[in-house]
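# Examination of the molecular architecture
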Amino acid sequence: MTDNPLTMQRALSDAHIAQLTDRIETAQTSATAIPKLTEDFPAMTLGDAYAVQLQLLRRWVAQGRRQVGWKAGLTSKAKMDQMGVRVPTVGFLLADFFRPENSVVATHDLVHPRVECEVAFVTRAELAGPDVTRAQVLAATDFVVPAIEVIDSRFAGFKFDLQSVVADNSSSARYVTGGRARLPADVDLATLGVVLEKNGEPVALGASTAVAGHPADAVALVVKVLHEIGERLPAGSFVMSGGITEAIAVQPGDHVCARFQELGSVGFRLG
């Protein structure tokens, strides 16, 4: 194993990958907390974790569910340092993760729901390879929109390691978009301010520079990770670039609203 955290070497057998995929799928579909995967499989690598994530994706697509894009996790420098990585993790997004703005987002099928503000990109051209630049991401972007992601770790006590969270699809669960769709050239994506409110009170403040220095740089890093796991970012993809603010715990009855500079606001209630 080299010191590159994206060296996608495998340590586990295909049978063990299938076993872990079963475990993650059951935890997600039954909203049941489970121990970290590395407790039973301490030799598990990041390559194994992505093998689990991709097998889960293939299973669900085979069942008729539709992938719409990818999301970035661990995009802030502090989170990268904490996990010992130099790039974010990625997770896939399905069409049925989406919930409409101003709707009620159910929590009965979630384990540890938390919310965070993100800038989402919709692409009009494919992006692929290990060296995609910010300029290439912006040129390939059709528009950007404000979004709130509802993340949900399926691990007991919200305690996990890098391999476990990647296998758990980087805590992907739900997302809500709204506000104003803008052309990337019309917005200074590096300096967008955002306020996250819960029940009418500000609970988190941030600026888009927290996301890998620039949200488009975060998307470029997503493409790099996808290259490492043998994937591309197709045209027409919906990409969440990572949390601008810390993730805030929520519960039924809470109303959350994210107010973005230049992009408007997006909100919903937890049920």
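For clarity, every value in this text was computed on a predicted model and none was experimentally measured. Residue numbers restart at each chain and count upward from 1, following the sequence in its written direction. Given that this is a predicted model, residues contribute local features only at a pLDDT of at least 70 and side-chain atom pairs are listed and counted only at 80 or more, while totals for whole chains, interfaces and linings are drawn from all residues. For the side-chain quantities, the full set of heavy atoms in the structure was used; hydrogens and water were omitted.

## Some words on the state of the cysteines
Any two cysteine sulfur atoms within 2.5 Å of one another count as a disulfide. The full count for this structure, using the stated rule, is zero disulfides. We note that C117 lacks a disulfide partner, and the nearest cysteine sulfur, in C257, lies 9.0 Å from it. For every residue, the accessible area (1.4 Å probe, protein chains only) is compared with the maximum for its type, and the residue is labelled buried under 20%, exposed over 50%, or partly exposed between those bounds. On the basis of relative accessibility, which here comes to 0%, the residue C117 falls in the buried class. Residue C257 is classed as buried on the basis of its relative accessible area, which comes to 8%.

## As for the pairing of strand β2 (residues 89-94)
A regular strand places its side chains on the two faces of the sheet in alternate fashion. Working definition: helices are DSSP H or I runs of at least four residues, strands are E runs of at least two. Numbering for both runs from the N terminus. Burial of β2 is extensive: six of the six residues sit out of reach of the surface. Burial along β2 is two-sided: the face carrying T89, G91 and L93 and the face carrying V90, F92 and L94 are both buried.

## Examining the nonpolar core
Note on terminology: a nonpolar core comprises buried Ala, Val, Leu, Ile, Met, Phe, Trp, Tyr and Cys residues joined through side-chain atoms within 4.5 Å. Counting 82 residues, the largest nonpolar core has M44, W70, V115, V119, F121, F260 and F268 as its most contacted members. Ranked by the residues each element gives to this core, the list is headed by helix α2 (residues 46-62), at nine residues.

## Things to note about the environment of S164
Within the secondary structure layout, S164 lies in helix α5 (residues 162-167). Taking the C-alpha atoms as reference, S164 lies 33 Å from F143; in sequence the two are 21 residues apart. Ignoring sequence-local partners within four residues, the contact set of S164 consists of K36, L37, T38 and F155. Throughout this description, a polar contact denotes any pair of N or O atoms lying within 3.5 Å of each other; where both atoms belong to protein, one of them has to be capable of donating a hydrogen while the other can accept it, and for residues adjacent in sequence the pair is counted only when both atoms sit in side chains. Within the structure, the side chain of S164 is placed 2.7 Å from the side chain of D161, a separation counted as a polar contact. It only takes one pair of heavy atoms within 4.5 Å for two residues to be counted as in contact.

## Here's the deal with the pattern of salt bridges
Note on definitions: salt bridges are taken to be side-chain nitrogens of Lys or Arg within 4 Å of carboxyl oxygens of Asp or Glu. Inspection of every chain in the model, using the stated rule, returns 14 salt bridges. Residue D22 pairs with R59 through a salt bridge whose shortest N-O separation is 2.7 Å. Placement of D22 in helix α1 (residues 14-30) and of R59 in helix α2 is noted, with a sequence separation of 37 residues between them. Close ionic contact of E126 with R232 constitutes a salt bridge, the shortest N to O distance being 2.7 Å. In this pair, E126 sits in the loop between β4 (113-123) and α4 (134-139) while R232 sits in the loop between α6 (215-228) and β9 (238-240), placing the two residues 106 residues apart along the sequence. Look at the salt bridges and you will find they share partners, linking R10, D14 and D48 into a network.

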